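# Chain and residue survey
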Amino acid sequence: MVRQSGTWAISVTYSRFFPPDTISGIAGYSDDAPYFGFTSGSSQWSLLSAADSRIMYANWVGSSSATPSITSAVFTPTPTPHDCINGACIMASVYSTPGIYPTLEECEVACGSGCSGKCISNSDWAQIQGLSNLLKNRNCG
């Protein structure tokens, strides 16, 4: 199965007493198989990817007294700009990079063969890492 980038629309039920909720526009990949779980040190549910355990939607709050469950998850593929960073294709929105490749598929072809000369430069990557380190201890919730 070719991994595609796109968005998820997920219907969630968290109690038989409350109407279902829908989370739309969650950026991800076709193989994410989203599920609800706790991240380390958190007591709130987050939507996680079964493919790579990344957080797709943090601290989802529906009902504090019930476990959320996914009643439907619909994936819509969309071209999402990517960049080849450190040998991996990353969505441009993750680190606010330029999005040299218009789709994940194009990035994977180029990135697999050494980025074909279109990798993020070392100085740009150092700047991204520096900004990431500055944000590491901030509460962005």
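Let me begin by describing the structure that accompanies this report. (Residues numbered from 1 in each chain as written. Predicted model: local features only at pLDDT ≥ 70, side-chain atom pairs only at ≥ 80, totals over all residues. Heavy atoms only, no water.)

## Digging into the sheet that holds strand 2 (residues 21–29)
We count it as follows: Should DSSP find at least two bridges between two strands, the strands are taken to pair. Labels follow the DSSP assignment, with helices taken as runs of H or I lasting at least four residues and strands as runs of E lasting at least two, numbered in each case from the N terminus. The angle between two axes is taken between their N-to-C directions and runs from 0 to 180 degrees, where each axis is a line fitted to C-alpha atoms and a helix contributes only its stretch in contact.
Taking strand neighbours across the sheet as the criterion, the 3 strands line up as 2-1-6 in an open arrangement whose pairing is antiparallel. The sheet terminates laterally at strand 2 and strand 6 (69–77), the two strands that pair on one side only. The sheet shows a mean angle of 25° between the axes of neighbouring strands, taken without regard to direction. Judged from the 8 bridges that link them, strand 1 (residues 5–13) and strand 6 form a sheet pairing that is antiparallel. When the bridges of strand 6 are listed, Val12 appears paired with Ile70.

## Things to note about the environment of Pro79
How we decide: Type-normalised accessible area, obtained with a 1.4 Å probe on protein chains alone, sets the label of each residue: buried when under 20%, exposed when over 50%, and partly exposed for intermediate values.
By the secondary structure assignment, Pro79 is in the loop between strand 6 and strand 7 (82–85). Overall, the relative accessible area of 64% leaves Pro79 in the exposed class. A C-alpha to C-alpha distance of 10.0 Å links Pro79 and Thr7, two positions 72 residues apart in sequence.

## What to know about the packing of aromatic side chains
Here is the rule we go by: Classification of ring pairs rests on two measures: the distance between centres of Phe, Tyr or Trp rings, Trp counted by its six-membered ring, which must be within 6.5 Å, and the angle between planes, read as stacked under 30 degrees, edge-to-face over 60 and tilted in between.
This structure, assessed with the given rule, holds 2 aromatic pairs. Residues Trp8 and Phe75 carry aromatic rings whose centres are separated by 5.2 Å and whose planes lie at 55° to one another, so their mutual orientation is tilted. Placement of the pair is Trp8 in strand 1 and Phe75 in strand 6, with a sequence separation of 67 residues. Here Trp8 matches Phe75 in class, with each residue buried.

## Some details on the state of the cysteines
Applied cut-off: Pairs of cysteine sulfur atoms within 2.5 Å are identified as disulfides in what follows.
Within the structure shown, the criterion is met by 2 disulfides. The disulfide partner of Cys84 is Cys111, and the S-S distance across this bridge is 2.0 Å. Here Cys84 and Cys111 share a disulfide; its torsion about the S-S bond, 60°, makes the bridge right-handed. Of this pair, Cys84 sits in strand 7 while Cys111 sits in helix 2 (residues 104–112), and the two are 27 residues apart along the sequence. For Cys111, a relative accessible area of 9% corresponds to the buried category. Residue pairing for Cys89: its cysteine sulfur links by disulfide to Cys107, the two sulfurs lying 2.3 Å apart. One disulfide, between Cys89 and Cys107, carries an S-S torsion of -100° and so falls in the left-handed class. Of this pair, Cys89 sits in strand 8 (residues 88–91) while Cys107 sits in helix 2, placing them 18 residues apart in sequence.

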